[in-house]
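What follows is the residue order along each chain.
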Amino acid sequence: QVQLVESGGGLVQPGGSLTLSCVASGNDFSIKFMGWYRQAPGKERELVAGIRTGNTPDYSDSAEGRFTIHRDNAKNTVYLQMNSLKPEDTAVYYCHAKMAWSGHIEYDYWGQGTQVTVSS
């Protein structure tokens, strides 16, 4: 059974910071990609930040310069450091992972989502 468990969401004032965490669990998997998506009410889910194993991180234009994604392979954990938060960052944030067990086939998994609200 594969699980992605997210934590760290909450209410923060504009200009503040939050760090999201996502822990992956399962058996004999190899993580090929981990990233963070977000979805605001009435909007499509969009990629915020992601990192392909062996590559450098990618960020959305809105996240670039403010957010940092970091993986701790020993803990099967990915973090999203969010600084200088804006009201438009308000959304449900979802952890996403692409995993493989054998061959080259990769499977998509999603966390349950964690709410981030930026408001004064």
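Criteria and thresholds
- Residues numbered from 1 in each chain as written.
- Predicted model: local features only at pLDDT ≥ 70, side-chain atom pairs only at ≥ 80, totals over all residues.
- Heavy atoms only, no water.
- Salt bridge = Lys/Arg side-chain N within 4 Å of Asp/Glu carboxyl O.
- Helix = DSSP H or I, 4+ residues; strand = E, 2+ residues; numbered from the N terminus.
- Pairing = 2+ DSSP bridges.
- Axes fitted to C-alpha atoms, helices over the stretch in contact; angles between N-to-C directions.

Examining the pattern of salt bridges
- Across all of its chains, the model carries 5 salt bridges by this definition.
- One salt bridge in this structure joins Arg52 and Glu106, with 2.4 Å as the shortest N-O distance. Within this pair, whereas Arg52 is found in strand S5 (residues 46–52), its partner Glu106 is found in the loop between strand S9 (91–100) and strand S10 (107–110), the two being separated by 54 residues in sequence.
- Several salt bridges converge on common partners, so that one network encompasses Arg38, Glu46, Arg66 and Asp89.

Quick look at the sheet that holds strand S7 (residues 67–72)
- What the 4 strands build is an open sheet, ordered S1-S3-S8-S7; its pairing is antiparallel. Every interior strand has two partners, whereas the edge strands, strand S1 (3–7) and S7, have only one. Across the sheet, the mean angle separating the axes of adjacent strands is 15° when strand polarity is ignored.
- Sheet analysis places S7 next to strand S8 (residues 77–82), joined by 6 bridges and oriented antiparallel. Its bridge partner being in S8, Arg71 is matched across the sheet by Val78.

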